[in-house]
Amino acid sequence: MRPLRIGVNALYLIPGGVGGTEIYLRELLRALAELDTRNEYFIFTNRETGPDLVPQRPNFQRMPQRVRARFRPARIVWEQTALPLAAARLGLDALLNPGFTAPVYCPCAAVTVFHDMQHKRHPEHFRWFDLPFWRGLLFASAHVATVLLANSEATRADMLRYYRLPAAKVRVVRLGVDPVFFGLRRAPEKLLLTVSTLHPHKGLDALLRAFAQFRRVDPGFRLAIAGLRGFHAEALEKLRADLGLTGAVEFTGWIPRAQLYDLYGRAWAFLYPSTFEGFGMPVVEALAAGIPTGCSNIEPLRAIAGEAALRFEPGDVDSICGAMVRLVRDDRLRGRLAAAGPARAAGFSWAATAQATLDAIGDAVRLERGKAD
């Protein structure tokens, strides 16, 4: 096959504003640049996204678009009109859509990534005016795509269940972990860490209540919750005050990677209390860093962490508090988890994610050419 002309639809990206899907896109592009010097890439960016997103390689080209992602209606219209026209003009062989949505009418093979199916599993967590967008556009994107990528078996199962898609159309491509985490200098202090967007489904209400209970056992610990301010931020800040935890719990907001690495290095233990996940990248990061980790007993977290993390029941304050106590005080458990974490996380790499994504793009192109013949 001749070198492919591959477009990447990055119009959804709001730097510091879309959580883990930003980390995913940046790491994927970096890994593709390391892996692939043959194919040509055209990265469609919006007004908010600077040139730093695009790898500085001869076969990667930035295609800035005159639209702002923060004004979602304009971004959607641009994605459905100007983007497919640009794809046709450039003679693209494939368009990779890494953020759920894609042009309904695409002149080339389309590979679209679904990070979760929360809008179907938990519609109660969406604002009423956002839900029609998620339902309509994601349904259309799933059905027009040549190949769909899900980042876990749990997400793939949800896609097949809710959208009744052919099984062969949806494949699992797991996410990776930044190699930096494996080499972090660990200097643990009395700090519990959670990395999470402040959304309702992340289970942070129960985490705060459990931490308040835990502080009666060991008042010297602090809790840092690092991540994007989401729909639930104000409610969590009020709960923090109501529980008397204002000086003991920090919501950092979205922070630079160097600052995040520092938090991982200083954490005594890591907790991930989410009630629903598409993947759970922070859990893999904590495992890679060798931090004794506790996470919710849900899929896909069970499949990701295996026996390398202590599991607790999501939403159960006593269960979460009990995990905190064990992760802080049980030296034998801490030693076992610290050793098991990096070994488990070694099975996740962005290089593997990039290769599987590139394979899917090649398969999609062949499928579309087969239809034309």
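Residues numbered from 1 in each chain as written. Predicted model: local features only at pLDDT ≥ 70, side-chain atom pairs only at ≥ 80, totals over all residues. Heavy atoms only, no water.

K.L.:
Explain the overall build of the protein chain here, please?
P.N.:
For the protein chain, the helix and strand inventory stands at 14 helices and 13 strands. Taking the principal axes of its C-alpha atoms as reference, the protein chain extends roughly 70 × 40 × 35 Å. Within the protein chain, the fraction of its 373 residues that count as buried is 58%. Sequence separation of 24 or more characterises 67% of the internal contacts of the protein chain that already satisfy a separation of 6 or more. Here the protein chain displays about 15400 Å² of accessible surface, and carbon together with sulfur accounts for 53% of that area. For the protein chain, the separation between the mean place of its 48 positive charges and that of its 36 negative charges on side chains is 2 Å. (Helix = DSSP H or I, 4+ residues; strand = E, 2+ residues; numbered from the N terminus. Buried < 20%, exposed > 50% of the residue type's maximum accessible area, 1.4 Å probe, protein only. Contact = heavy atoms within 4.5 Å. Areas by Shrake-Rupley, 256 points an atom, 1.4 Å probe, with all protein chains shown as cover. Lys, Arg positive; Asp, Glu negative; His and termini not counted. Charge placed at Lys NZ, Arg CZ, Asp CG, Glu CD.)

K.L.:
Looking at this structure, I do not really get the pattern of salt bridges. What am I missing?
P.N.:
Think of it this way: side chains of opposite charge can pair up when their charged atoms draw near. With the rule as written, the count across this model stands at 25 salt bridges. Linking Arg369 and Asp93 is a salt bridge whose minimum nitrogen-to-oxygen distance equals 3.3 Å. You can see Arg369 sitting in helix 14 (residues 350-372) and its partner Asp93 sitting in the loop between helix 3 (82-90) and strand 4 (94-97), a full 276 residues away along the chain. The exposure class assigned to Arg369 is partly exposed, which follows from its relative accessible area of 31%. Ionic pairing is found between Arg222 and Glu189, a salt bridge with its closest N-O pair at 2.9 Å. A residue pair is termed long-range when its members are at least 10 positions apart, and Arg222 in strand 9 (residues 222-226) and Glu189 in the loop between strand 7 (170-172) and strand 8 (191-195) qualify at 33 residues. Looking at Arg222, the relative accessible area reads 34%, which means it is partly exposed. Taking the relative accessible area as the measure of exposure, Glu189 reaches 28% and is therefore partly exposed. Among the charged side chains, a network of salt bridges with common partners joins Glu189, Arg222, Asp262 and Arg266. (Salt bridge = Lys/Arg side-chain N within 4 Å of Asp/Glu carboxyl O.)

K.L.:
For this particular structure, what's the right way to read the packing of helix 12 (residues 317-329) against helix 13 (residues 331-345)?
P.N.:
When two helices pack together, their arrangement is given by the angle between the helix axes and by the axis-to-axis distance. For the pair helix 12 and helix 13, interaxial distance at closest approach is 6 Å and the crossing angle is 85°. Taken together, the axes of helix 12 and helix 13 are roughly perpendicular relative to one another. Residues Arg326, Leu327, Val328 and Arg329 of helix 12 pack against Asp331, Leu333, Arg334 and Leu337 of helix 13. The residue inventory of the contact of helix 12 with helix 13, partitioned by class, reads four nonpolar, no polar and four charged. (Axes fitted to C-alpha atoms, helices over the stretch in contact; angles between N-to-C directions. Parallel < 35°, antiparallel > 145°, perpendicular 65-115°, else oblique. Nonpolar A, V, L, I, M, F, W, Y, C, P; charged D, E, K, R; others polar.)

K.L.:
Which parts of the structure should I look at to understand the side chain of Glu285?
P.N.:
As for its position among the elements, Glu285 is in helix 10 (residues 281-288). On the accessibility criterion, Glu285 (5% relative accessible area) is buried. Within the structure, the side chain of Glu285 is placed 2.7 Å from the side chain of Tyr264, a separation counted as a polar contact. When residues no more than four places from it in sequence are discounted, the contact partners of Glu285 are Val177, Phe181, Arg257 and Tyr264. (Polar contact = N/O pair within 3.5 Å; in protein donor to acceptor, adjacent residues only side chain to side chain.)

K.L.:
Before we go on, may I ask you to explain the layout of surface pockets in this structure?
P.N.:
In this approach the atoms are scanned with a rolling probe the size of a water molecule, which exposes any empty space left behind. Estimates place the volume of the second largest pocket at around 170 Å³. Arg26, Leu29, Arg30, Ala33, Glu34, Asp52, Leu53, Val54, Pro55, Gln56 and Arg57 together form the lining of the second largest pocket. (1 Å grid on protein atoms, 1.4 Å probe; cavity = no way out; pocket = protein on both sides within 12 Å on 5 of 7 lines; lining within 4 Å. Points joined across faces, edges and corners; volume = space filled by probe spheres on them.)

In short, the description is geometric, and any link to function would need to be established separately.
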